[in-house]
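One letter stands for each residue in the lines below.
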Amino acid sequence: MLEKVQEDRLKKLQAIRDLGYDPYGGRYGTAEPIEAVLKKFDPARAEAHGDKQPDYQRADAAGRVILLRDMGKMIFAHIRDQSGQMQICLRKDQPGKPPAGLVEKPWALAKLLDLGDIVAVKGVLAKTRTGEITIFADDFTLLCKSLLPMPEKYHGLTDIELRSRQRYLDLMANPDSMRIFQKRVAIIEHFRGLLKGRGFVEVETPMLQSVYGGAAARPFTTHHNALDIDLFMRISPELSLKRLLVGGMEKVFEINRNFRNEGISPRHNPEFTMMELYQAYADYEVMMEITEELVYSSAKNISLPYLLDLYEKQEEAEEKLREDKKDTEKSEHKDISQQKWQKHLKEHEDAYTLAETPIYNIEMLSDIYEASKENKTKLPFVGERLIDYTRPWPRKTYLELMQEYAGVDMRDEAAVAIKAKELGLYASGKAHALLVNNIFEMKVEPELAKMDRPVFVKDYPAELCPLTRRKADDPSIALRFECYIAGMEVANAYTELNDPAIQEENFNGQLAGEKEGETMRVMDEDFVTALRHGMPPAGGLGIGIDRVVMLLTNTASIRDVILFPLLRPEEK
RNA sequence: GAGGGAGUAGCUCAGUAGGUAGAGCAAUGCACUUUUAAUGCAUAGGUCCUGGGUUCGAGCCCCAGCUCCCUCACCA
């Protein structure tokens, strides 16, 4: 079947060459973005006035053919470029009947058109009988012939695996997917802009390391042939970035990949993008402000305007529907009302299909709209859940949360042991801090997942945080926070530990009952040496970019926000 | 790693109690110079994930395996 399609298309390829055209085109520098073409359309200039022919505007656009309706001597098609999509009309020229169409050879070329081809047209801009802005072409260029069929025009591609594996088809067939990746770019650019504005500089540190550290995860290993050494792919840039603080770079950040040899899930990809930053003379309180600003302003400037725009479109459609209904109620002919309904559906198709998708329905959008009037930034996470990003976000200490949801004082070793036994988490000889952590995961995290606001969880048990400074008046507490949004850990930050003696001790220590791979205690001698030279007190912050993108684009799977997520290779 | 669901035409999906495999889109041909998920008529397209088994007969039942999705565990 596929072979047959290819054969047919190869025949067309030859036919195109026989006509004297190059099926793979060449430079085409004059096309305007489709969005701009649609915007510049002036209805007044498309209409004839008096005896005169209309003073048509001209337009020039290029894109991929995504819909094709061949009516014999007239072809309607929709083409899509990066900015949008629009209708073009290719007609056989009729002398004496303006506007001009295509003469012999270009018309023959047009008749060889297939879905998926990339084309350019020049012509006049006018509305069709049904009111769609269209370029009526008098010049037609084939820029690239496609040899394989496009995905189904209405449903697109749905299978996550196929969409990831052949992302080009996903992007070509699913505008929602394209939108997600465009928003991803916008969010990252926005982060960069804000950080630059705060005086941070962007640096790149090694991905290949002979000692890994900065997180609790198993690394990927690899080998350098010329030096004949084994290397690790980094699990975090933390220790490199802190060396830069020692060297005198006071505000640094890096947005780049980390690699962790762990399981894959809808929230985990083995390589993922992390924004990590360090600011000298700051602490974790400053990091909270930065986290709030980065995420909140991304939500407000990138996601929210788009959602409010969707809402307005839907409102408009609903309003129009009410008017149409009034009209048709007066009318006596039912078939007319049918026609009007069909026409209405077509005109507002975007809004209706949107309302039908589980991602954005009208009720959810209306909630967002209402909240925006009170100056609240509410955005959906995974389906219909709304999260309120309005600042400041609540701050809760680990101690409070343990008290509130687990009903235990985490400082009381005996009480913790009893609670752990109660929950079936106890193992003899397991360190107190690990028991606390296990109870937290079991009793507190599910509660955090229910909250409709981002939450800062702060002041962790010190044993769990070997790279974090301890509280001056209570060395059992580490000055660390994690930010949970809808149950996902989105940010992690510390007031950085800059005491080389404690750091060395922490690298050497190992908590009783810790499994292999659970520890972030891998000795990095040179890092301790760096600290001995003196690192300014500092705050450090890491934000998982993929997860922020998931939250701000209402995407449930991390594989839908990473262009090429890791997949098992296809077997032939 | 454990549990649940799925795999049928290029894509989106039906499929009866076990009886020779279906639709829409895409493709091919014909008609149509204002269509818009164009329409009408006709044609072609399948190792029903793989391998075994039960049966006169398996897309369907049984066993094993592969892959994907979801949940949990590890983690961000």
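Values in this document were obtained by computation on a predicted structure and should not be read as measured data.

Caption draft 1: Geometry of the overall build of chain A. Helix and strand content of chain A: 18 helices and 19 strands. Long-range pairs, those at least 24 residues apart, make up 66% of the contacts in chain A between residues at least 6 apart in sequence. Looking at chain A as shown, the accessible area adds up to about 29100 Å², and 51% of this sits on carbon and sulfur atoms.

Caption draft 2: Broad picture of the sheet that holds strand S8 (residues 221-224). In spatial order, the strands read S7-S9-S8; together these three strands make up an open sheet with antiparallel pairing. Of all the strands in the sheet, the pair left with one neighbour each is strand S7 (208-209) and S8. Direction of pairing for S7 relative to strand S9 (residues 229-233): antiparallel, over a ladder of two bridges. The residue bridging Gln209 from the neighbouring strand is Phe232, located in S9.

Caption draft 3: Molecular detail of the nonpolar core. In terms of nonpolar packing, the biggest core is built from 56 residues, with Met275, Tyr389 and Leu541 touching the most fellow members. The biggest single contributor to this core is helix H9 (residues 284-330), with 14 residues. If we ignore the near neighbours within four places in the chain, the residues touching Met275 are Phe191, Leu195, Phe253, Glu254, Ile255, Leu294, Leu541, Gly542, Ile543 and Ile545.

Caption draft 4: Spotlight on the protein's contact with RNA strand B. The environment of RNA strand B is made up of 50 residues, and the closest members are Gln94, Thr130, Lys153, His268 and Arg547. Contact between RNA strand B and Lys12: a phosphate oxygen at 2.9 Å from a side-chain N or O atom of the residue. Within the backbone of Asp70, a nitrogen or oxygen atom sits 3.2 Å from a base nitrogen of RNA strand B. At the level of secondary structure, the elements contributing two or more residues to the surface near RNA strand B comprise helix H1 (2-18), strand S1 (57-70), strand S2 (74-81) and strand S3 (84-91).

Caption draft 5: View of the packing of aromatic side chains. Per the stated rule, a full pass over the model turns up nine aromatic pairs. On the numbers, 4.7 Å between centres and 55° between planes, the contact of Tyr398 with Tyr460 is tilted. Residue Tyr398 is found in helix H13 (residues 398-406), and its partner Tyr460 is found in strand S15 (residues 455-461); the two are separated by 62 residues along the sequence. Both residues of the pair, Tyr398 and Tyr460, belong to the buried class.

Caption draft 6: Representation of the environment of Arg391. With respect to the secondary-structure elements, Arg391 resides in the loop between strand S13 (385-388) and strand S14 (395-397). Separated by 15 residues in the primary sequence, Arg391 and Lys376 place their C-alpha atoms 8.9 Å from one another. With residues up to four places along the chain from it excluded, the contact list for Arg391 reads Glu292, Glu293, Tyr296 and Arg453.

Caption draft 7: Highlighting the sheet that holds strand S4 (residues 118-127). Spatially, five strands are ordered S1-S2-S3-S5-S4 in a closed barrel, and the strand pairing comes out mixed. With strand direction ignored, the average angle separating the axes of adjacent strands in the sheet is 55°. Two elements, S1 and S4, share eight bridges in a ladder whose sense is antiparallel. The residue of S4 that forms the bridge with Gln57 is Leu125.

Caption draft 8: A look at the pattern of salt bridges. With the rule as written, the count across this model stands at 32 salt bridges. Among the ionic pairs, Asp114 bridges to Lys12, the shortest N-O distance being 2.7 Å. You can see Asp114 sitting in the loop between helix H4 (104-110) and S4 and its partner Lys12 sitting in helix H1, a full 102 residues away along the chain. By relative accessible area, Lys12 is classed as partly exposed at 24%. Between Asp55 and Arg45 there is a salt bridge, and its shortest N-O distance comes to 3.4 Å. Taken together, the residues span a long stretch of sequence, with Asp55 in the loop between helix H3 (43-46) and S1 and Arg45 in helix H3 at a distance of ten residues. Judged by relative accessible area, Asp55 falls into the partly exposed class, the value being 42%. One salt-bridge network, held together by shared partners, links Arg9, Lys12, Asp114, Asp117 and Lys145.

Caption draft 9: Spatial organisation of helix H8 (residues 238-247). For H8, the set of buried residues is Glu238, Leu239, Ser240, Leu241, Lys242 and Leu245. A positive backbone phi angle near 115° is found at Gly248, which sits one or two residues after H8.

Caption draft 10: Seen up close, helix H12 (residues 362-373). Counted at 1.5 Å a residue, the expected span for H12 with its twelve residues is 16 Å, and the 17 Å between its end C-alpha atoms agrees. Those residues of H12 that sit buried are Met364, Leu365, Ile368, Ala371 and Ser372. One side of H12 holds all its buried residues, which, seen down the axis, span an arc of 125°. In H12, the exposed positions that point more than 90 degrees away from the buried face belong to Glu363 and Lys373. Note on H12: the residue one or two positions beyond its end, Asn375, has a positive phi of about 65°.

Caption draft 11: Region of interest: the packing of H13 against helix H15 (residues 432-450). At a closest axis distance of 9 Å, the pairing of H13 and H15 adopts a crossing angle of 75°. As far as their axial angle goes, H15 and H13 are roughly perpendicular. Judged by residue contacts, Tyr398, Leu401, Met402, Tyr405 and Ala406 of H13 engage Val436, Asn437, Ile439, Phe440, Lys443, Val444, Glu447 and Leu448 from H15. Broken down by class, the residue content of the contact of H13 with H15 amounts to ten nonpolar, one polar and two charged.

Caption draft 12: Spotlight on the pairing of strand S12 (residues 378-381). As defined by bridge partners, S12 adjoins S13 across four bridges and the pair is classed as antiparallel. Opposite Phe381, over in S13, you have Arg385 as the bridge partner. Between S12 and S13, which follow one another and run antiparallel, lie three residues, and Val382 among them has a positive phi close to 45°.

The rules behind these values
- Residues numbered from 1 in each chain as written.
- Chains lettered and ligands numbered in written order.
- Predicted model: local features only at pLDDT ≥ 70, side-chain atom pairs only at ≥ 80, totals over all residues.
- Heavy atoms only, no water.
- Helix = DSSP H or I, 4+ residues; strand = E, 2+ residues; numbered from the N terminus.
- Contact = heavy atoms within 4.5 Å.
- Areas by Shrake-Rupley, 256 points an atom, 1.4 Å probe, with all protein chains shown as cover.
- Pairing = 2+ DSSP bridges.
- Core = buried A, V, L, I, M, F, W, Y, C linked by side-chain atoms within 4.5 Å.
- Buried < 20%, exposed > 50% of the residue type's maximum accessible area, 1.4 Å probe, protein only.
- Near = heavy atom within 4 Å.
- Polar contact = N/O pair within 3.5 Å; in protein donor to acceptor, adjacent residues only side chain to side chain.
- Phe/Tyr/Trp six-rings, centres within 6.5 Å; stacked < 30°, edge-to-face > 60°.
- Axes fitted to C-alpha atoms, helices over the stretch in contact; angles between N-to-C directions.
- Salt bridge = Lys/Arg side-chain N within 4 Å of Asp/Glu carboxyl O.
- Expected span 1.5 Å × (residues − 1).
- Arc of directions from axis to C-beta.
- Parallel < 35°, antiparallel > 145°, perpendicular 65-115°, else oblique.
- Nonpolar A, V, L, I, M, F, W, Y, C, P; charged D, E, K, R; others polar.

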